[in-house]
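# Observations on the three-dimensional arrangement
Spelled out, the chains give:
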Amino acid sequence: MVARRVGLLASALAVLLFLGLAGQAAAATTGYNPYDSASIKASIKRALLDHTIAPNYVTFDITVTKTDGTAPTAKYNVFQTFNQPGKDPTDNPSKCQEEHFNSPEVPRGVYRCTAIVSGPGRWEFNGTVSQPGNLQHILKTVSITLNIVDAASLHTPDAAPQHRSPGKRFVHFVGQAHGAVAGGLLLLTGVLVFLPHLRRKAER
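What comes next is a walk through the structure.

Cut-offs and rules
Residues numbered from 1 in each chain as written. Predicted model: local features only at pLDDT ≥ 70, side-chain atom pairs only at ≥ 80, totals over all residues. Heavy atoms only, no water. Core = buried A, V, L, I, M, F, W, Y, C linked by side-chain atoms within 4.5 Å. Buried < 20%, exposed > 50% of the residue type's maximum accessible area, 1.4 Å probe, protein only. Helix = DSSP H or I, 4+ residues; strand = E, 2+ residues; numbered from the N terminus. Pairing = 2+ DSSP bridges. Contact = heavy atoms within 4.5 Å. Disulfide = S-S within 2.5 Å. Phe/Tyr/Trp six-rings, centres within 6.5 Å; stacked < 30°, edge-to-face > 60°. Lys NZ or Arg CZ within 6 Å of the ring centre and 35° of its normal.

By size, the foremost hydrophobic cluster in this structure holds 25 residues, and its most contacted members are Ile62, Tyr76, Val117 and Phe125. Residue assignment for this core shows that the elements contributing at least two residues are strand E1 (40–46), strand E2 (57–66), strand E3 (77–83), strand E6 (110–116), strand E7 (121–131) and strand E8 (134–148). Per-element accounting of this core gives the leading share, five residues, to E8.

Okay, here's the thing in structure tokens:
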């Protein structure tokens with residue numbers, strides 16, 4: 001009797017163990033969570049474009065895939081920042097756009113970002129991947145450093161608008177006023193010279 005009960009208990013434990021393992025396997029295959037950081041991979045690289053607006057515009061792609069390398073079906077919030085090494089970011093984080101909805105030939109999960117650098121040199125471009133509606137839940141971070149050689153310096157005196165100083169504006173105004181006064185005097189002289197001639201002609 002006791003042996004029979006032990007056998008039944010062992011059989012029940014074996015069934016429970018089997019069901020537990022089967023449940024874990026089913027969860028592994030059907031319970032995919034796209035917002036689990038272990039379920040995705042992220043990478044960053046400079047975008048290959050046929051045309052660029054200007055050398056200061058740097059466009060790069062942040063690609064999110066499943067761990068097996070296939071395109072995801074979920075959407076993500078992807079933000080980028082950029083800075084020179086050792087310095088703070090020059091701007092607030094800006095959102096990258098999923099390129100698939102602009103160019104259908106681009107697979108899902110490719111988020112395109114554009115940064116406008118203020119001059120030549122080495123720049124760090126950083127990206128964060130987070131869950132929509134939960135920006136604090138950062139899933140992945142990526143970074144790349146590029147040497148931007150042909151960018152123009154946007155903060156040089158030559159690039160700034162040229163303004164006349166108040167002194168120069170005053171001199172310019174005096175010069176214009178002097179010209180106007182001289183022209184008026186010349187016209188008045190002409191009137192005084194020809195006025196007697198016109199009066200004599202009228203008296204005849």
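On we go from here.
Of all seven residues in E3, six are buried, a share of seventy percent or more. Relative to E7, E3 runs antiparallel, the two sharing seven bridges. What sits directly across from Asn83, in E7, is Glu124. Where E3 and strand E4 (residues 94–95) come together, two bridges link them in antiparallel fashion. Looking at E4, one finds that Phe79 is bridged to Lys95.

Position of Ser39 relative to the elements: it lies in the loop between helix H1 (2–30) and E1. Dropping the residues within four chain positions of it, Ser39 is found in contact with Tyr32, Asn33, Thr65, Lys66 and Thr67.

Let us look at the sheet that holds E3. Pairing is antiparallel across the open sheet formed by four strands, whose spatial order is E4-E3-E7-E8. With partners counted over all chains shown, the strands left at the sheet margins are E4 and E8, one partner each. Across eleven bridges, E7 lies against E8 in antiparallel orientation. The residue of E8 that forms the bridge with Gln131 is Asn134.

A separate point is the state of the cysteines. Applying the stated criterion to the full structure yields one disulfide. Between Cys96 and Cys113 runs a disulfide, and the two sulfur atoms are separated by 2.0 Å. Since a negative S-S torsion denotes a left-handed disulfide, the Cys96-Cys113 link at about 110° is right-handed. With a gap of 17 residues between them, Cys96 in the loop between E4 and strand E5 (97–98) and Cys113 in strand E6 connect regions that are remote in the sequence. Overall, the relative accessible area of 2% leaves Cys96 in the buried class.

Taken in spatial order, the four strands of this open sheet run E1-E2-E6-E5, and their pairing is antiparallel. Bordering the open sheet on either side are E1 and E5, each of which pairs with just one other strand. In this structure, E2 lies alongside E6, joined through seven bridges in antiparallel fashion. The residue bridging Ile62 from the neighbouring strand is Tyr111, located in E6.

Burial analysis of E2 places eight of its ten residues in the buried class, the great majority of the element. Across seven bridges, the pairing between E1 and E2 is antiparallel. By the bridge assignment, Ile40 is partnered in E2 with Lys66.

On to the packing of aromatic side chains, then. Taken as a whole and assessed by the stated rule, the structure comprises four aromatic pairs. Judged by centre distance (5.4 Å) and plane angle (70°), the rings of Tyr35 and Tyr76 are edge-to-face. One end of the pair, Tyr35, is in the loop between H1 and E1; the other, Tyr76, is in the loop between E2 and E3, with 41 residues separating them in the sequence. Measuring from ring centre to ring centre gives 5.2 Å for Phe60 and Phe125, while their planes differ by 50°; the resulting arrangement is tilted. A residue pair is termed long-range when its members are at least 10 positions apart, and Phe60 in strand E2 and Phe125 in strand E7 qualify at 65 residues. Each member of the pair, Phe60 as well as Phe125, is classed as buried. Taken together, the ring pairs in this structure connect Phe60, Phe82, Trp123 and Phe125 into an aromatic cluster. Lying across the ring of Tyr32, Lys66 places its NZ or CZ 5.1 Å from the centre.

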